[in-house]
Amino acid sequence: MMIEDNNYENENDILAYASDGTRGTDMSAETDKTPDVPEFEEYVPDMNDEIDDAEDALGIITTGIEPLEITESGARITGYIATERRQDVRLGTYVMVPYGDEDLFARIWKLQYLQEFEVDDATEIHSRRMLKSNTTAEVDYKFLALLDPICILYEQGSDAGGDSDSKPQLVRRMTDRIPRPNTPILPVTDKSKIQTGLNIPKEGIFLGHLSVGGEVVRTNAVPPTVPYYMRNDYSMGDPLVFRHMLVCGSTGTGKTFLTKNILRQFMNENNRYQLRSDKSKSRNPCLVIMDPQDEYSQMFEDNPEITTGDEYNFKSENVDFGRCENTKTFVAKVDGHSYNGKSRAEQVEFTIPFELVRNNLWLITPVGMTELQYAGLELLVEDYFKRGGSHTYGGFVDHIDDEGTRMTYVDSNKIHEASYDGIVRRVRNPALRKVFDQPATPITEILGKVFSPGQVSVFPTEFISSSRIRDLIVLTLMTLVVDNKLSTSGDVAVKDTPIILALDEAHRYLSKASGEHSKKIVSKFADAARQGRKEGLGLFLITQDPQDIDDTVFKQVNTRVILNLTNDAAISALKVQKEYEKRIPYLKKGQMIVHSPDNSDMVEVMGLSKCVVNHE
């Protein structure tokens, strides 16, 4: 009987916690006397019809390890990843956490294992057992993913008035809400949500496909890939190409391959930019390419490897492909050199007239000239061009070689004797004689033919053995573009044509100023970079040494496309976020980091596997 009484009492104790009305009347009376306690609101997440099966979730938000918190300076959001989904999770994976009416868009920035049970797996006995069996029970460990909240996605009406009949538009805002514990963590399979979450434009200049860890992100859309576009309209200011671009990567990482694919997108016949002189009018851009390896003239040719399937994929994502029919190769006439390039594009020979030196003294100023020598040369050139008749390089050398000329400047103390002799030695350069005033049409007389809207104008320099001559030609052409763009009296063909100036090996020509020669060049291009937006001039710089480009120019570059780099100084100069900086030395061919603050969040992108034009 005693045992039965105890059991009866225990039974009453258990029933004391029941809430289904099975207790006696006395107990119910006591319940009525207790203060009202608000009922805990049950949370049932709205899956938004995106993922109906809970098994598709990667895991849940948990507070079992660390507090769940969001502050103005950061967040701690930890997710527990289910055993069967652990192989699907990578660093950088984009995920969604539903609030019901909104979604948290985030990326995984940290992964970690924690022990589930009190067991020491750091022992010799355990290690030998594991090495022998070669198996690990995943359920014995917690697999955690720490989330970095990017934004909150929500829908709003398409007009400011909030018209209920307007079509909802997906928009984003900063993260100002905290997800609830036990909320599912979902893979992102909606293309629109990814594009909105990362602030990627849905149209523009195609650069590649969004990727994570070298794997292209796939969605439920058709096609499943997420294209990365660079803004190319006037909806938020000027097109980004006029705020300049940089493609950088070590040798052999595919810079030229990628650059061809990007530059080809600008040559769509429907791609037009406004004229500065009359914004009601627009023109196709002229693409001017300084080509040190004789590769870009191949844009005149189709890529024979492109299949029908490739064409379908390109068209579905508005990727322009196929040859640029209006491609011309402009070849500098150099004494003792001939161009035997592989391009079938039309070739036009030109020469550099010495007349250009009148306003661009540094074209004949070698690196290392002292300030006194530079000042003396400036005086000599100015006086020479005041003389009547034609002005040529040979005529200038003969003029300063003349003993009477020398005595005039030395005896009058206009130029010191040592400086004068140094000037003559430096200017009397065989390389300069081979370039200036050759038997061909002066470049200044064919500007309209070079800077023609909708044309690809390629200037190869590989056939020239002298680096001094190659640099002189490239710097002259760069100067022609910049001077005519910035001057109020510039040539109309240049001023009224939107120009994209692609400069390969940019570090050679825009290096940090170390003398009068470099200072003049850098100063000129710093001005061009600052005024490029209003003048319709976009600089497209290609280099393996971005750290060598002068800061005044480098700071004006808004879009940076980063391929594999192993040079620590080069990586540091790019100033990307730490999590992306560590990836740069491990990027595989075609994989890139895109840093374009005025276009999107910093992302990883995978370029096309095939070139849209010929590339050998």
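Our structure's up above, just so we're on the same page.
No experiment lies behind these values; they were computed from the predicted model shown. (Residues numbered from 1 in each chain as written. Predicted model: local features only at pLDDT ≥ 70, side-chain atom pairs only at ≥ 80, totals over all residues. Heavy atoms only, no water.)

1. Regarding the overall build of the protein chain
- From N to C terminus, the protein chain includes 19 helices and 23 strands.
- A buried classification covers 49% of the 616 residues belonging to the protein chain.
- Across the protein chain, the fraction of contacts at a sequence separation of at least 24, relative to all contacts at a separation of at least 6, is 72%.
- Element-wise, carbon and sulfur atoms account for 47% of the exposed surface of the protein chain, whose accessible area totals about 30800 Å². (Helix = DSSP H or I, 4+ residues; strand = E, 2+ residues; numbered from the N terminus. Buried < 20%, exposed > 50% of the residue type's maximum accessible area, 1.4 Å probe, protein only. Contact = heavy atoms within 4.5 Å. Areas by Shrake-Rupley, 256 points an atom, 1.4 Å probe, with all protein chains shown as cover.)

2. Examining the packing of aromatic side chains
- If you walk through the whole model with that rule in mind, you get 18 aromatic pairs.
- Among the aromatic residues, ring-to-ring pairing joins Phe 354, Tyr 384, Phe 385, Tyr 393, Phe 396 and Phe 436 into one connected group.
- Positioned over the ring face of Tyr 99 is Arg 177, at 4.4 Å from the centre of the ring.
- Taking NZ or CZ as reference, Arg 323 lies 4.9 Å from the ring centre of Phe 300, over its face. (Phe/Tyr/Trp six-rings, centres within 6.5 Å; stacked < 30°, edge-to-face > 60°. Lys NZ or Arg CZ within 6 Å of the ring centre and 35° of its normal.)

3. Quick notes on the nonpolar core
- In terms of nonpolar packing, the biggest core is built from 145 residues, with Phe 266, Phe 350, Ile 364, Phe 396, Ile 473 and Leu 541 touching the most fellow members.
- Element by element, the count of residues in this core is highest for helix α13 (residues 467-486), at 10 residues.
- If we ignore the near neighbours within four places in the chain, the residues touching Phe 396 are Phe 354, Ile 364, Leu 377, Leu 380, Val 381, Tyr 384 and Val 427.
- Listed in part, the 17 residues of the second largest apolar core include Ile 61, Leu 68, Leu 104 and Ile 152. (Core = buried A, V, L, I, M, F, W, Y, C linked by side-chain atoms within 4.5 Å.)

4. Quick word on the side chain of Ser 596
- Mapped onto the fold, Ser 596 is located in the loop between β22 (591-595) and β23 (603-606).
- Sequence-distant contacts of Ser 596, that is, excluding residues within four places in its chain, are made with Tyr 228, Leu 240, Asn 558 and Thr 559.

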